[in-house]
Amino acid sequence: FVVVRDWGEVRNSLLLWLALYLAAFHAVSFLWLRRGVPGDRVLLLIAHLLTAVGFAVMVSRPDPLRDVLIFVRYAQGVTLGLVLTAAVSSIGLRTTQLEHFSFLPLVAAFVLSGLLIVFGSGPSGSNAKVNLGPVQPMEGIRLLLALFLAGYFARNWEVLRGVREHAFAGVPLPSWMNVPRVRYVAPVLIGVGAALALFFFQRDLGPALMLAIVFLAAWGIAYGRAGMVVAGVAVLLAGFYLGYWLEVSSTLNARVQIWQSPWDNAARGGDQIAHALWAAATGGPLGAGLGLGDTRYVPAGETDLVLAAIGEELGAVGIVSIAALFVALVW
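Sequence order as written defines residue numbering, which begins from 1 separately in each chain. The predicted origin of the model limits local features to residues at a pLDDT of at least 70 and limits the giving and counting of side-chain atom pairs to 80 or more, whereas totals for whole chains, interfaces and linings rest on all residues. Heavy atoms throughout the structure, all of them, feed into the side-chain values; hydrogens and water do not.

(A) Spatial organisation of the overall build of the protein. Within the protein one finds eleven helices and two strands. Counting helices and strands in the order they occur from the N terminus, the protein gives α-α-α-α-α-β-β-α-α-α-α-α-α. Principal axes of the C-alpha set define a box for the protein whose edges measure 80 × 60 × 40 Å. Burial classification: accessible surface area is computed with a 1.4 Å probe over protein chains only, and a residue below 20% of its type maximum counts as buried, one above 50% as exposed, and the rest as partly exposed. Looking at the protein as a whole, 33% of its 331 residues qualify as buried. Contact between two residues is taken to exist if any of their heavy atoms lie within 4.5 Å; hydrogens are not considered. Long-range pairs, those at least 24 residues apart, make up 64% of the contacts in the protein with a sequence separation of at least 6. The accessible surface values rely on the Shrake-Rupley method and a 1.4 Å probe; as for residues, cover is taken only from the protein chains in view. With the model as given, the accessible surface of the protein reaches about 19,900 Å², and the carbon-plus-sulfur share is 69%. Each helix is a run of DSSP H or I of at least 4 residues and each strand a run of E of at least 2, with the numbering of both proceeding from the N terminus.

The structure is reproduced here in C-alpha cells:
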C-alpha cells in the first residue's frame, strides 16, 4: 500500500544518474586535457573512488520501491562539485587577482554565522544552531574559512618567515622564540578568533575544531616551523577540555558521555554509536558485500554514520581502504 514506484522506474533512474556521475568525472579530465590545465589526476582518481563507494552505499540503503532514492541527490551533489572543480581549476592562480580579496570569504562566513545565530535551529534535544531552514550553511562556512586562510597565507608566507618581532610591549624577545611580526599575524589571528567566537555562540564546536586544525596546519606550512603548531595543539586540547569541564555545550558533554560508555548511557540519541559499532562488527573482516547489509537500520547511515554502513558491507578491509584514500588525499 506504500509503494510509490516500480522496478522499472528504479532501474531507469539508477542508470541515468550513474551515467551522469561517471560522465562528470571524465568531463573534468577531458577539459583539463583540452585546455592544458595541469590538474592532478591522482586527486581526481581518489575523489572518484571515495564518491563511488558513497554512491554504492546510497543505492543500497533505502527501500527502492518505498523510500526516497537518496542516490539521486547524492549524484546531483557530486556533479555540482565537479562543475565547480572544473571552473576553479581553469583559474590561473599565478596571474589572477583573487588573492587580493582573501577577506571576502571571511566576511561571507561571518554573515552566514550571524544568520545562524539569529535564525538557526538545531536537531531535537540539541542547543546547537546548525540548520537555517532546509539547509546547513556550516559546510559552506567551513569552505569559506579555509579559502580565507589559504589566500592570506599564500600572500604573506614570505613575510611571516622573513620578518621577526624583536620586542613586544617594550620587552625584548629572546631570539630563540623566533616570533613573526605582529602586524602581519594580527589580521589572521583576529579573523580566526572572531570565527571561533561565533561558533561558540552557535554552540557548535565541531566546526571550531576543524577551523583550529586547518589554521594550525596552514600556519605550519606557511611559517615553516613546527614549534608554534605543537604549542597551538596543546592550547587547543586544553581549550576543549576546559569547555567540557565548564559545560559550555550540552552537545559536547553528551558526546563525551556517549564516547565513554557507548553501550550504557543516558544521553539522548546515545544508542546511535552502539548501532554503529554493531554494524561494523557485523561486517567482520570482509563485509557482507555491497548491497547485502542491513544498513537501513543504522541511524543516520547515509550521513553521520556512513562509515559504519561501509564497515557492514565492506568490512574492516573497506574501512581501512577508505582511511588510506583520505590519507593519500591529504598528503
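Now that the structure has been shown, the text picks up again.
(B) Seen up close, a nonpolar patch on the surface. For patches, a residue must show more than 30% relative accessible area and have no salt bridge; joins then use 9 Å for like charges and 5 Å for nonpolar side chains, namely Val, Leu, Ile, Met, Phe, Trp and Tyr. Put simply, a salt bridge is a Lys or Arg side-chain nitrogen that is within 4 Å of an Asp or Glu carboxyl oxygen. A grouping of V88, I91, L93, L98, F101 and L104 is seen on the molecular surface, where their side chains present a nonpolar patch of about 620 Å² in accessible area. Mapped onto the elements of the fold, L93 is located in the loop between α3 (70-89) and α4 (103-119).

(C) Structural detail: the packing of α4 against helix α5 (residues 138-162). With their axes 8 Å apart at the nearest point, α4 and α5 run at an angle of 155 degrees to one another. As the angle between them shows, α4 and α5 are arranged roughly antiparallel. Taken as a pair, α4 and α5 cross one another with a handedness that is left-handed. In this structure, α4 uses F103, P105, L106, A108, A109, L112, S113 and L116 to contact α5, whose residues at the interface are M138, I141, L144, L145, L147, F148, Y152 and R155. Following the grouping adopted for this structure description, the nonpolar residues are Ala, Val, Leu, Ile, Met, Phe, Trp, Tyr, Cys and Pro, the charged ones are Asp, Glu, Lys and Arg, and the polar ones are all others, Gly among them. Within the contact of α4 with α5, the residues separate by chemical class into 14 nonpolar, one polar and one charged. For helices, the fitted line uses only the C-alpha atoms of the stretch in contact; every axis is such a line through C-alpha atoms, and the angle between N-to-C directions lies from 0 to 180 degrees. Between 65 and 115 degrees an angle is taken as roughly perpendicular, under 35 as roughly parallel, over 145 as roughly antiparallel, and anywhere else as oblique. For any helix crossing, the convention is left-handed if the near helix is rotated counterclockwise from the far helix by under a right angle, and right-handed if that rotation is clockwise.

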